[in-house]
Amino acid sequence: MWKELLEGNPIVCGMVALVTILLAAAIHSFFSESKANTKANSSSDGIIKKDDNVFDMDGDWGDEANNVDVKKTLKERVEEAPKLVMDNPKEPSSVGLVKPKINSGPFKIGQRIVLQELLKEEGDDLSKYNGRHGHIADVWDGTTYPIDLDLPLSSKPTTATTTDDDKTTNNNNKPLRIKVANLREEGELINIPDPPGRIAVNSGCLPEDHGRICAFLFKTLRSVAEGVIHNNPQKKKKFAETAAEKKSPFVCWQFWKDDVYPAYLEFMTRGILLKAKLADLEQSINPGKPKGTYKTVVDAVKSKHAVASWNVRVEGQFYLVGMGPEGTMVIPVNNLRQVYCVVGYQKPLGALLGNQMPRPPKVQLTLLPWYGRIIHDTLVSSTSGTNQIELASPPLARQLAASCQAAISEGRIIYRLAQLEVENGSTEGVPFEKPVFTPPPQQQQQPPPDFSKEPTATQEERGAVENLTELTAFHPKTPLSAWNIVRLPNNNKPMINILQGQGQKLHEVELTSDYTALFILKTVLTLSVSKLNGHRPLMIGVDDVIVCQRLRFLCQGISNLKIAFLKVERKEQAPAAGAAQ
C-alpha cells in the first residue's frame, strides 16, 4: 500500500497531491472504517489530483519499510538527500556549518526554563505565560532572552514580543522575549515508571507493539469522539458550521478534556469488553504478541505520560524537514527556528511523505506525548483544505535545513514534552484552535497553444516522434513516469541531467549538440531503449520555453504524453538552447 502511494506522479510545480489512505490494523470488525478510493488523475500542470485532503497514517503492519534508511544523522541527510531538505546539496549556503554563538548572561542557548511572575497589564495579559515550559532560543541582549515555548499559545503566524519596558506587541518575525527575573530553570527529569519507562525508538519509530497500540487507540478515539458529538446536539451545532467540518478529524481535540477523554476512558476501560472478548481483542491489536496487550492499552489511556495528557499537545502547520534515528524533524510554519522530533509508527513520518518529495512538504499536524516521546495524530491533512500539498520554495528549503542544523548544534531539538516529566511541571495544555486552511491560488484556464508560427516538422523530427509512439509508457504511479531534462551550468563539458519524478538522477549525458526539441526526443529514445526496456515517460519537463513549445507542437498527437516547462533557478549560466528545428 505504501509503495503504491509513494510512487506517485512527479512534482514539476510547487504543489503535489495527497491521497486518502485508510490503513487496516486488523482490529475487530466493530472498529472498521470504510476504505477510500485512491484513483488518481494527472493534470497537465504537473499536479496529481487524488481523493482527499486528510489521510490516515496508522501504519500498514504487513509491509516492510522499503528503502528507508533512518540511521544516518540529519547532517548526513541534509548533505546526501536533496529531495527532502533542499534542491541542491552542493550549495554552500545550504549545508554550511552553523556559526557558533557566544553565550552570556545567566542562561545558555537551549537551556530548559519555566516562565514565572509575569503580570497582567493594560492591553496585554502576560500572566497567561506563567508556568509555561520552553527553552532559551538565542543569545541574551542584556535584558531579555528570546524564548520558544514547547506549547505555543497560538499556531497563527504571530507571536508576542516583550520589549525592554515590559510592554508586549505582536510581531510576525520576533519571538517571545522575557526578562531574566521572569525565568527559572526547569527541574530535573523524573524517570517514567517502568514498565514501560521512556519508550525506546528504533530507526525513528516506536517499537511494533506500541505502534500497533497507537494505531488502535486513534481508530477507536475517532469512533468515540463521533459518538460524543452525535449524542450532544448543542456541541454538534457549535462545531459543524459547514458541511465539511462535520467530518473533521479535529473534533476529538476541540472537545477533548471535558467530553471526549472521559467518554474515551470509560469506553476503553469498560465498554469495549462488552463488545468483544478479551482474547479476540488482544489478538486483533497485536497478533504477534497478544497476551497482556489490553492491560498495556488501559495503562496508556490512564497514564499522565500518554493519553491522559493529550490535552498537552501542539497543533498547527509544520514543514517535514528531515529524518534522524530518533524520528522526523518538523518545523512549525509560525516559528522557523523551532524544531520538534516526532516518532513514527511502522515508518517515520518523513519517510512516508517528506522523503518522496523534492522539498519539504507543509502539512497540518497534531503532536502528542507518548512515554517521553512525541508522536503525531495519525490523521494528517493538507494545509490548503484541498487534495494538494504545498512544498517549501527552494530558498525556504535551504533555510529550513539550516534551522535544523542550528537547533542540533545548540541543543534546541524538542524530543519530549518535558513539562509532564519534571517535578511540579505544568499539566496545562493550550486552547484548541480550529485549523485555518488556505486554498491554493486558482489557476487560470490556459488558452490552447498557438502553433501557427512553428515550422513544419523535419523528416528527422517526424521519425523521432514516430519511434516514440512505439514505446510503452510507464505506469502513472511510478516516479519514472516523468522525466525532467535539465541543463547543468557551463563547465568544460556541457551536460544534461535527467531526473525522475522524485528528483533523483536517472541519467546524465553530455550535450553534444544544441539543446533542441530533436535533441530531447533522441535522448528520451536512447535512454528508453538502452536502459529501460523500451519504456518511456508520460511527462517530459524541459527548462527552455522555446524548446518546450516545439516539443508540444511535435508531440501533440500523442495523447498520453505531456510536455512541461521547468523554471530552474541557477547561479551560473547554463548552455544556451539551440534554435528550434
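Definitions and limits used
Residues numbered from 1 in each chain as written. Predicted model: local features only at pLDDT ≥ 70, side-chain atom pairs only at ≥ 80, totals over all residues. Heavy atoms only, no water. Buried < 20%, exposed > 50% of the residue type's maximum accessible area, 1.4 Å probe, protein only. Helix = DSSP H or I, 4+ residues; strand = E, 2+ residues; numbered from the N terminus. Pairing = 2+ DSSP bridges. Phe/Tyr/Trp six-rings, centres within 6.5 Å; stacked < 30°, edge-to-face > 60°. Lys NZ or Arg CZ within 6 Å of the ring centre and 35° of its normal. Salt bridge = Lys/Arg side-chain N within 4 Å of Asp/Glu carboxyl O. Patch = residues over 30% accessible without salt bridge, like charges linked within 9 Å, V, L, I, M, F, W, Y side chains within 5 Å. Areas by Shrake-Rupley, 256 points an atom, 1.4 Å probe, with all protein chains shown as cover. Axes fitted to C-alpha atoms, helices over the stretch in contact; angles between N-to-C directions. Contact = heavy atoms within 4.5 Å.

A. A look at the pairing of strand β18 (residues 373-376). Alternating residues of β18 divide into Arg 373 and Ile 375 and Ile 374 and His 376, and every residue in both groups is buried. Between strand β17 (residues 362-370) and β18, which pair antiparallel and follow one another directly, the connecting turn spans 2 residues, one of which, Tyr 371, has a positive phi of 45 degrees.

B. Quick peek at the packing of aromatic side chains. Inspection of every chain in the model, using the stated rule, returns 13 aromatic pairs. A ring pair is formed by Phe 250 and Phe 437, whose centres lie 6.4 Å apart and whose planes are at 35 degrees; its orientation type is tilted. Of this pair, Phe 250 sits in the loop between α6 (233-239) and α7 (251-254) while Phe 437 sits in the loop between α12 (394-409) and α13 (459-469), and the two are 187 residues apart along the sequence. Taken together, the ring pairs in this structure connect Phe 218, Trp 253, Trp 256, Tyr 261, Trp 310, Tyr 345, Trp 370 and Tyr 371 into an aromatic cluster. Positioned above the aromatic ring of Tyr 515 is the side chain of Arg 487, whose terminal nitrogen or guanidinium carbon lies 4.6 Å from the ring centre.

C. Spotlight on the pattern of salt bridges. Across all of its chains, the model carries 20 salt bridges by this definition. Note that Arg 337 and Asp 148 form a salt bridge whose closest N and O atoms lie 3.1 Å from each other. Of this pair, Arg 337 sits in the loop between β15 (327-332) and β16 (340-342) while Asp 148 sits in strand β9 (residues 144-149), placing them 189 residues apart in sequence. In this structure, Lys 505 and Glu 508 form a salt bridge, with 3.7 Å as the shortest nitrogen-oxygen distance. Under the relative-accessibility criterion, Glu 508 is labelled partly exposed at 34%.

D. Highlighting a nonpolar patch on the surface. On the surface, a nonpolar cluster with roughly 280 Å² of combined accessible area is contributed by Val 545, Ile 546 and Phe 565. With respect to the helices and strands, the residue Val 545 is situated in helix α15 (residues 545-554). Classification of Val 545 as exposed rests on a relative accessible area of 52%.

E. Expanded view of the sheet that holds strand β23 (residues 495-500). Spatial strand order, β24-β23-β22-β26-β27: 5 strands in an open sheet with mixed pairing. In this open sheet, the two strands that pair with only one neighbour each are β24 (505-510) and β27 (562-565). Across the sheet, the axes of successive neighbouring strands diverge by a mean angle of 20 degrees, strand direction being ignored. Alignment of strand β22 (residues 482-487) against β23, held across 5 bridges, turns out to be antiparallel. Bridging across to β23, Arg 487 finds its partner in Ile 496. The sheet contacts of helix α14 (residues 517-531) involve β22, β23, β24 and β26 (539-542), and relative to β24 the element is tilted by about 125 degrees. The strands touched by α15 are β26 and β27; relative to β27, the strand with the most contacts, the crossing angle is about 170 degrees.

F. Expanded view of the pairing of strand β8 (residues 133-136). Two elements, strand β5 (residues 112-115) and β8, share 3 bridges in a ladder whose sense is antiparallel. Within β8, the position partnered with Ile 113 by the bridge is Gly 134. Sheet topology note: the β8/β9 ladder contains 3 bridges and is antiparallel. Each residue of the ladder has a partner; that of Ile 136, found in β9, is Ile 147.

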